[in-house]
Every structure is written in C-alpha cells, then in structure tokens.
Amino acid sequence: MNTPHLTAYAALALLAACQAPTSATRMGPDGRPLPVIYRIGPNDGPRIRARMRDGINSVRARRGLAAVELNNDLTSAAATHARDMSRQARPWHFGSDGSTPIERVTRVGYRGQFLGELISETFETELETLTVWLENPETRGVLLDPRMREIGFAWHQDDNGKLWWTLTTGAPRATTQALG
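Residues numbered from 1 in each chain as written. Predicted model: local features only at pLDDT ≥ 70, side-chain atom pairs only at ≥ 80, totals over all residues. Heavy atoms only, no water.

Quick notes on the overall build of the protein
Using the following cut-off: Numbered from the N terminus, helices here are DSSP runs of H or I no shorter than four residues, and strands are runs of E no shorter than two. The classification of residues rests on relative accessible area computed with a 1.4 Å probe and restricted to protein chains. Under 20% of the type maximum is buried, over 50% is exposed, and intermediate values are partly exposed. Contacts: residue pairs with any heavy atoms within 4.5 Å of one another. The Shrake-Rupley method, run with a 1.4 Å probe sphere, supplies the accessible areas, and residue values consider only the shown protein chains as cover.
Secondary structure summary: the protein contains 7 helices and 4 strands in total. When the helices and strands of the protein are placed in sequence order, the string is α-α-β-α-α-β-α-α-β-β-α. Within the protein, buried positions represent 46% of all 180 residues. Long-range pairs, those at least 24 residues apart, make up 68% of the contacts in the protein with a sequence separation of at least 6. About 9600 Å² of surface is accessible on the protein, with carbon and sulfur atoms providing 53% of the total.

Examining the environment of P146
Residue placement: P146 occurs in the loop between α6 (137-143) and β3 (150-157). For the pair P146 and A66, spaced 80 residues apart in sequence, the C-alpha separation works out to 7.2 Å.

Quick notes on the packing of helix α2 (residues 45-62) against helix α5 (residues 126-135)
So the rule is basically this: Lines fitted to the C-alpha atoms define the axes, with helices restricted to the stretch that makes contact. Angles between their N-to-C directions range from 0 to 180 degrees. Any angle between 65 and 115 degrees counts as roughly perpendicular, while under 35 counts as roughly parallel, over 145 as roughly antiparallel, and the rest as oblique. Definitions for this section: a left-handed crossing has its near helix turned counterclockwise from the far helix by less than a right angle. A right-handed crossing has that turn clockwise.
Between α2 and α5, whose axes approach to 9 Å, the crossing angle comes to 30 degrees. When the axis of α2 is compared with that of α5, the two are roughly parallel. Two packed elements cross with a definite hand, and for α2 against α5 that hand is right-handed. On α5, the residues that touch I48, R51, M52, G55, I56 and V59 of α2 are E126, L127, L130, W133 and L134.

The structure is reproduced here in structure tokens:
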C-alpha cells in the first residue's frame, strides 16, 4: 500500500475517533463486544452527508482526482434503497420491486450517467463504513472512478440501531461527454 493511501486511511480513522463514544466497551454473553449504537438524529443528515463527501474527497485528492459534490437526485435514490434494504432485511442491490440501481436513479430524474452503488448493513459510522469500502478493491474502484463528480448518500436506521447505508455515484452528462 502506498504512503498517500495510508495517510488517507489515517485521516479517516482520526475523524472517526472524534465521534467515538467514551464509555467502556460492553461485552455480550459470548464474550464478544456488543455493538455501540451510533444513533443518528433527525437534524444530523447534512453533517453526516458532508462528512462522507469530505472523506471521499480527501482520498480522491491524494490520487489527483476531481472532487465530488452531493446531488439531490442521487441522494433520493440512495434513501429509497436504504429504506428498502431494511424492509427486505438484506443488503443487496435489487429493490423489493426488482429494480436495479440504474432504474432507481432514472425514476428520481437523475440526468447524468449512473456509475455505481455501494451498500452496507452495519452498526458503524459513515466514516467507518467509508474506510471499509476503501479497503476493498472493488468498492474502492467505485469511489476512485475518475469520471465520478456527483454522489448521493443516505441511510435508514432501524429501531435497534442497525444502519443501512447506500451511496450512489454519477457523472453529469457534460462531464461524461467530455471524457468519452
């Protein structure tokens, strides 16, 4: 792993540590730590979305890639899918109606080119989730796609605290035509 990559991971870990609870770890009956519930409040959305965007942009900048911006249509498609994964009780890319990620971004009126979708079922924060996505070559490839200029990021939190994260990525049509 190269040094810029390690620096980016260290920066994300440091940001994640800033939001870590200070209480002692609780252990379950099996001797394993119980998940710490990262509770998202009704007014936390803008801050969490900005933190995900900024984390992605930090990693992309170290690779010389363009920054991304949040897109309302992509976020709407991501929110729909996060809720639907919770209803289905499984993390996968197909909606309960059989929809694909491309169909979902088309339904909300996204006019750019859909590039990818990342999903996660976890109790972890958005930055911990981003770190896991960056550690996997396939999901890291989605985040480091040079065509990507826009993201949508949303989640659904179950009553037990489980989070269903969805990130959708795209490129405005003008960008895709200039690169193509």
